[in-house]
Amino acid sequence: MVESRAPTVWQALDAWGRQLSPWQQFIIAQATSKGRLSDDEIGKAYRLFLGAFDLAEAPAENLAAPLVSPRSADDECKPLCLVRVDGLVGVNALPDGSLLTFDPTLTVIYGRNAAGKSGFARLFANACFSRHKPKIGAMADFG
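Starting from 1, residues in each chain are numbered consecutively following that chain's sequence as written. For a predicted model such as this one, the threshold for reporting local features is a pLDDT of at least 70, and the threshold for listing and counting side-chain atom pairs is 80 or more; totals across whole chains, interfaces and linings nevertheless cover every residue. Excluded from the side-chain calculation are hydrogens and water; included are all heavy atoms of the structure.

With that settled, the discussion passes to the packing of helix H2 (residues 22–34) against helix H3 (residues 39–52). Interaxial angle, 0 to 180 degrees, is taken between N-to-C directions of lines fitted to C-alpha atoms, where a helix line uses only the stretch in contact. Strands are runs of DSSP state E lasting at least 2 residues, helices are runs of H or I lasting at least 4, and numbering of each runs from the N terminus. Taken N-terminus to C-terminus, the directions of H2 and H3 make an angle of 160°; their axes are 8 Å apart at the nearest point. Considering their axes alone, H2 and H3 lie roughly antiparallel with respect to each other. Remark: the crossing between H2 and H3 carries left-handed chirality. Every residue of H3 that contacts H2 at Pro-22, Trp-23, Phe-26, Ile-27, Gln-30 and Lys-34 is listed here: Glu-41, Lys-44, Ala-45, Leu-48, Phe-49 and Ala-52. The nonpolar class holds Ala, Val, Leu, Ile, Met, Phe, Trp, Tyr, Cys and Pro. Asp, Glu, Lys and Arg form the charged class, and all remaining residues, Gly among them, are polar. When the residues that make up the contact of H2 with H3 are grouped by side-chain class, the tally is eight nonpolar, one polar and three charged. With respect to orientation, any angle under 35 degrees is reported as roughly parallel, any angle over 145 as roughly antiparallel, any angle of 65 to 115 as roughly perpendicular, and every other angle as oblique. Should the near helix be turned counterclockwise from the far one by less than a right angle, the crossing is left-handed, whereas a clockwise turn marks it as right-handed. The contact criterion used is simple: two residues touch if any of their non-hydrogen atoms lie within 4.5 Å.

Bringing unusual backbone geometry into the picture now. The phi dihedral of Asp-54 falls on the positive side, at around 55°, and the residue is not glycine. Tracing the backbone shows Asp-54 in the loop between H3 and helix H4 (73–77). Take Asp-54: its relative accessible area is 70%, and that puts it in the exposed class. Despite not being glycine, Asn-92 shows a phi value in the positive range, around 45°. Positionally, Asn-92 belongs in the loop between strand S1 (84–85) and strand S2 (100–101). Throughout, exposure labels follow a simple rule: accessible area from a 1.4 Å probe, protein chains only, divided by the maximum for the residue type, with under 20% read as buried, over 50% as exposed, and the rest as partly exposed.

Moving on, we come to the pattern of salt bridges. Each salt bridge in this description consists of a side-chain nitrogen of Lys or Arg and a carboxyl oxygen of Asp or Glu lying within 4 Å of one another. A full pass over the atoms with the stated rule returns four salt bridges. Among the ionic pairs, Lys-44 bridges to Asp-40, the shortest N-O distance being 3.6 Å. With Lys-44 and Asp-40 both in helix H3 and four residues apart, the pair spans about one turn of that helix. On the accessibility criterion, Asp-40 (48% relative accessible area) is partly exposed.

What follows is the structure in structure tokens.
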């Protein structure tokens, strides 16, 4: 029996990205290889965007790049561990600069009413794959 492994996040991102427009693929390629786009790369992406919608002539230069930078086996196997969430500003009623630290084995979040538990829960629901995306912000409905 052959055991099939789930695709890594990089493989899934690459497969998804191949369905996108060339200008979007260029952005993904640059962002995953370098972490951010330079002003020059943003300009190139913009020229690709304009060319895709016939708003300008498409760039003559070849901007093709591998979508997602290949990762070593070590990179793909490292577990992801959330250590803390900090530097929050304007998230529900949480005071600016709120901090939540996680223990590597178990973290229990508890506290009195209006201590901020639900504010952090809303934040995580929006950051993770949740079907419900509650509003986050200083003016969020807390009902």
